[in-house]
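Residue-level structure breakdown
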Amino acid sequence: MTGWERFTDSFFNARVMAQYLPKIIEGFGLTVVLALCIIAAGLAAGLALALVRAFGIRPLNWLIIFVVDLFRALPPLVIIVLLFFGLPNAGVELSGFVASWLALTLVLMAFSEEIFWAGITAVPKGQWEAARSTGLGFLQTLSYVVLPQALRITIPPLTNRTIAITKGTALASVVAVPDILGAANAGVSFSFNPSPLTLGAIAYLVLFFPVVVLGRWIETRFAWKR
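In what follows, the accompanying structure is described. Just so we're clear, the structure is a prediction, and the values are computed from it rather than from any experiment.

Cut-offs and rules
Residues numbered from 1 in each chain as written. Predicted model: local features only at pLDDT ≥ 70, side-chain atom pairs only at ≥ 80, totals over all residues. Heavy atoms only, no water. Helix = DSSP H or I, 4+ residues; strand = E, 2+ residues; numbered from the N terminus. Buried < 20%, exposed > 50% of the residue type's maximum accessible area, 1.4 Å probe, protein only. Polar contact = N/O pair within 3.5 Å; in protein donor to acceptor, adjacent residues only side chain to side chain. Contact = heavy atoms within 4.5 Å. Salt bridge = Lys/Arg side-chain N within 4 Å of Asp/Glu carboxyl O.

You can see T159 is positioned in helix α7 (residues 138-167). Judged by relative accessible area, T159 falls into the buried class, the value being 12%. Of note is the side chain of T159, whose polar atom sits 2.8 Å from the backbone oxygen of I155. Not counting chain neighbours up to four residues away, the residues in contact with T159 comprise G215 and I218.

This is the structure:
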């Protein structure tokens, strides 16, 4: 057997690929669900924290800054392991899916809060003053004048951060979540052949390449024109 034949038999074994393709497809679906849950919860929580921070209540702001900096500093894998293996010692047991969702949501929340806050503070102070001079209250100014401008500013960086965090769903395989990587690793363990990993790589390309292209379009569409 030549070197090329050994390579194709190891990484592109048609029999092994056909055997584990259904598991990879199941993992693909689970990865999509997990990613969507993380994006929805993480962005909503980040926006909520940024809006609370806009009220300027110092004790709350200090607490928000501490929480945000904590989860920006901790590696996502460490958070997943702490939630999955640590919380049972406190009497709280989470499934691998929930632990992964919660950990990556907290990370996305932390980064998105800073992005939303940067967008809010980037709106010129004159916009606040002009809105208040027309009789609008603080909440009305924030909701109708400042927030729409801030959201437009934040769309490109939020898109990049969202893509980055959804790639982190592969970390869920560490706590036995049968996502794409988990299904591929299981296939390798049972077949003694790395071809399922090739299938997993293809599945990630199918999932993330359109997302990256969409992100590029969003960045162009919502970028400020000079």
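Its identity as a non-glycine residue notwithstanding, F192 has a phi of 55°, on the positive side. Positionally, F192 belongs in the loop between α8 (180-191) and α9 (195-222).

With that settled, the discussion passes to the pattern of salt bridges. Under the counting rule described, the total for this entry stands at four salt bridges. In this structure, E113 and R53 form a salt bridge, with 3.2 Å as the shortest nitrogen-oxygen distance. Within this pair, whereas E113 is found in helix α5 (residues 96-122), its partner R53 is found in helix α2 (residues 14-54), the two being separated by 60 residues in sequence. Note that D69 and R72 form a salt bridge whose closest N and O atoms lie 3.6 Å from each other. With a gap of three residues between them, D69 and R72 both fall in helix α3 (residues 58-73), about one helical turn apart. Using a relative accessible area of 38% as the deciding quantity, one classes D69 as partly exposed.

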